[in-house]
Amino acid sequence: MKRSLAILLTLMLVVGLFAGCTPKQEPAAETGSAPAESKPVEKRVMRIGIGLNEDHPQFKGLEKFKEELNSRVDTIDVQLFANSALGDDRAMMEGLQLGTQEGTCPSTAPIGNFVEEFKVFDFPYLFPNEAAADKILDGEIGQELLDSLSAKGIKGLVYWENGFRQLTNRQVEVKTPEDMKGLKVRTMENPIHLAAFRAFGANPTPMAFGELFTALQQKTVDGQENPIATIYYNKFYEVQGYTTLTNHLYSPFVFMISQKFWDESTPEEQEAIMEAAKIARDHERQLNREANETLSKELEANGMKVVELTPEALQAFQTKAQAIYGEFAQGKIAEYLDRVQKELAK
Ligand code: KDG
């Protein structure tokens, strides 16, 4: 009797113990299905690479993107790579197509090698100011072009800003196109840029951004052209003597990810990616505009001479630029150019 009472008490104790250890379960859904097991969240990696360095507003924009995305979803692990660590603009776009990386933010210049119509943004002196550029890029024309990337395996999210490009060189105080005669200038890999610099009188050569500083240092090229923020943050003043404020081209960035990554994202993730990309765009544009406005003085403080063009000299550059429009405004590019110019004229 005593023994069976002991067994009974032990059994009650064991059952009681187990009941205490079992995690509380939510009541099963009304459909009667089993309660969902809590699995650790599996994160997908989103590797984003750029050519510029960590000090540049572009990288700050990517950090903002990461922060905003993380605050919305916890399923994406954003990893950032600066300084062409994943390759140059063109190689990184190919990386999106091949699936070796998920995101990048190139200038529009190399994008024309993937989708011809993008070359509409490469005509010098097209946009008069940033506000006009924002209107076109964030409007219908900009969106159509972003959408055209999907056929190439790329999801164009939004436009960020590289900005108005300026000429730098080692040895000549360039005040007019005549001063550029024979100057060996690195440009991005784009036929319209090359033609524009030939029209200005220079001897242009395309080169990946990652090779540029060394090429300037070793005098393989005499000069290059980029917005003030890049000239400053990449310390081109260490190897260049002059900046001429030519403002010859407004250069947009396109923040893009692989179409595959986008398609594999849930609607909630897609919404979060778009929201974060837009917040980061506004942040990046603001930082970049501040940098482009204020850093000329810093270039001078670092020993560079910054040259402002007279209205006549600016006109001379614009006239030479205009002369190449006809050669490149063909087919679809011409259609887009016409639409952009009409929109700008409004
Ligand atoms: O991260 C962007 C850079 O890779 C590149 O687009 C910068 O304007 C640029 C250039 O001159 O190559």
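A brief structural summary.

Analysis parameters
Residues numbered from 1 in each chain as written. Predicted model: local features only at pLDDT ≥ 70, side-chain atom pairs only at ≥ 80, totals over all residues. Heavy atoms only, no water. Phe/Tyr/Trp six-rings, centres within 6.5 Å; stacked < 30°, edge-to-face > 60°. Helix = DSSP H or I, 4+ residues; strand = E, 2+ residues; numbered from the N terminus. Buried < 20%, exposed > 50% of the residue type's maximum accessible area, 1.4 Å probe, protein only. Polar contact = N/O pair within 3.5 Å; in protein donor to acceptor, adjacent residues only side chain to side chain. Contact = heavy atoms within 4.5 Å. Salt bridge = Lys/Arg side-chain N within 4 Å of Asp/Glu carboxyl O. Near = heavy atom within 4 Å. Areas by Shrake-Rupley, 256 points an atom, 1.4 Å probe, with all protein chains shown as cover. Nonpolar A, V, L, I, M, F, W, Y, C, P; charged D, E, K, R; others polar. Core = buried A, V, L, I, M, F, W, Y, C linked by side-chain atoms within 4.5 Å. Pairing = 2+ DSSP bridges. Right-handed = clockwise from strand over helix to strand, strands pointing away. Axes fitted to C-alpha atoms, helices over the stretch in contact; angles between N-to-C directions. Parallel < 35°, antiparallel > 145°, perpendicular 65-115°, else oblique. Left-handed = near helix turned anticlockwise from the far one by under 90°.

1. Brief notes about the packing of aromatic side chains
- A full pass over the atoms with the stated rule returns 14 aromatic pairs.
- Residues Phe 121 and Tyr 159 carry aromatic rings whose centres are separated by 6.0 Å and whose planes lie at 85° to one another, so their mutual orientation is edge-to-face. Linking Phe 121 in the loop between strand E3 (103–104) and helix H4 (130–137) with Tyr 159 in strand E4 (residues 154–169), this pair joins segments that are 38 residues apart in sequence.
- For Tyr 159, a relative accessible area of 1% puts it in the buried group.

2. A word on the side chain of Gln 166
- Following the sequence through the fold, Gln 166 ends up in strand E4.
- On the basis of relative accessible area, Gln 166 is assigned to the buried category, the value being 5%.
- In terms of polar contacts, Gln 166 uses its side chain to reach the backbone amide nitrogen of Asn 247, at 2.7 Å.
- Aside from chain neighbours lying at most four places away, what touches Gln 166 is Gln 224, Glu 225, Asn 226, Pro 227, Ile 228, Ile 231, Thr 243, Thr 244, Leu 245, Thr 246, Asn 247 and His 248.

3. Brief notes about the pattern of salt bridges
- Under the criterion given, the structure shown has 25 salt bridges.
- With its nearest N and O atoms 2.5 Å apart, the salt bridge here joins Glu 189 to Arg 90. One end of the pair, Glu 189, is in the loop between strand E5 (184–187) and helix H6 (191–200); the other, Arg 90, is in helix H3 (residues 89–98), with 99 residues separating them in the sequence.
- Residue class for Arg 90 comes out partly exposed when judged on its relative accessible area of 29%.
- For Glu 173, the salt bridge is made with Lys 305, and the minimal N-O distance between the two is 3.4 Å. In this pair, Glu 173 is assigned in the loop between E4 and E5 and Lys 305 in strand E9 (residues 305–308), connecting sequence segments 132 residues apart.
- Residue classification places Glu 173 among the partly exposed positions, given a relative accessible area of 26%.

4. Thoughts on unusual backbone geometry
- Located in the positive-phi region is Asn 83, a residue other than glycine, with phi close to 55°.
- Locating Asn 83 in the fold gives a position in the loop between strand E2 (76–81) and H3.
- Classification of Asn 83 as partly exposed rests on a relative accessible area of 44%.
- Its identity as a non-glycine residue notwithstanding, Ser 84 has a phi of 55°, on the positive side.
- Along the chain, the position of Ser 84 falls in the loop between E2 and H3.

5. Some thoughts on the site of the ligand
- Around the ligand sit 13 residues, and of these Gln 58, Asp 89, Ser 107, Asn 162 and Arg 186 come closest.
- Measuring from an oxygen atom of the ligand, one finds a backbone N or O atom of Leu 52 at 3.3 Å.
- Considered on its own, the ligand offers 330 Å² of accessible surface; in the complex 98% of this is hidden by protein.
- Counted by class, the shell around the ligand contains five nonpolar, five polar and three charged residues.

6. Points about the nonpolar core
- Counting 45 residues, the largest nonpolar core has Met 46, Phe 65, Leu 69, Phe 255 and Ile 273 as the members making the most contacts within it.
- The element best represented in this core is helix H10 (residues 267–301), accounting for eight residues.
- Once you skip the residues sitting within four places of it in the chain, Phe 65 turns out to touch Met 46, Ile 48, Val 78, Phe 255, Ile 273, Ala 276, Ala 277 and Ala 280.
- Membership of the second largest hydrophobic core comes to 34 residues, among which are Leu 126, Ala 133, Ile 192 and Val 254.

7. Overview of the environment of Lys 64
- Along the chain, the position of Lys 64 falls in helix H2 (residues 57–70).
- The spatial distance from the C-alpha of Lys 64 to the C-alpha of Ala 276 is 7.8 Å, given a sequence separation of 212 residues.
- If we skip the residues at most four places from it in the chain, Lys 64 touches Ile 279, Ala 280 and His 283.

8. Some points on the pairing of strand E7 (residues 223–226)
- Burial along E7 is two-sided: Gly 223 and Glu 225 and Gln 224 and Asn 226, pointing in opposite directions, are all buried.
- Inspection of the sheet shows E5 paired to E7 by two bridges, in the parallel sense. When the sheet's bridge partners are listed, Arg 186 is paired in E7 with Gln 224.

9. Some thoughts on the pairing of strand E6 (residues 203–206)
- Sheet analysis places E5 next to E6, joined by four bridges and oriented parallel. The residue of E6 that forms the bridge with Val 185 is Pro 204.
- On the question of chirality, the crossover connecting E5 to the parallel E6 by way of H6 is right-handed.

10. Observations regarding the packing of H4 against helix H13 (residues 331–345)
- One way to put it is that H4 packs onto H13 with a least axis distance of 10 Å and a crossing angle of 125°. One element, H4, and the other, H13, form an angle in the oblique class. For the pair H4 and H13, the crossing hand works out as right-handed. Here Ala 132, Lys 135 and Ile 136 of H4 come into contact with H13, specifically with Val 340, Glu 343 and Leu 344.
- Considering only residue class, the contact of H4 with H13 consists of four nonpolar, no polar and two charged.

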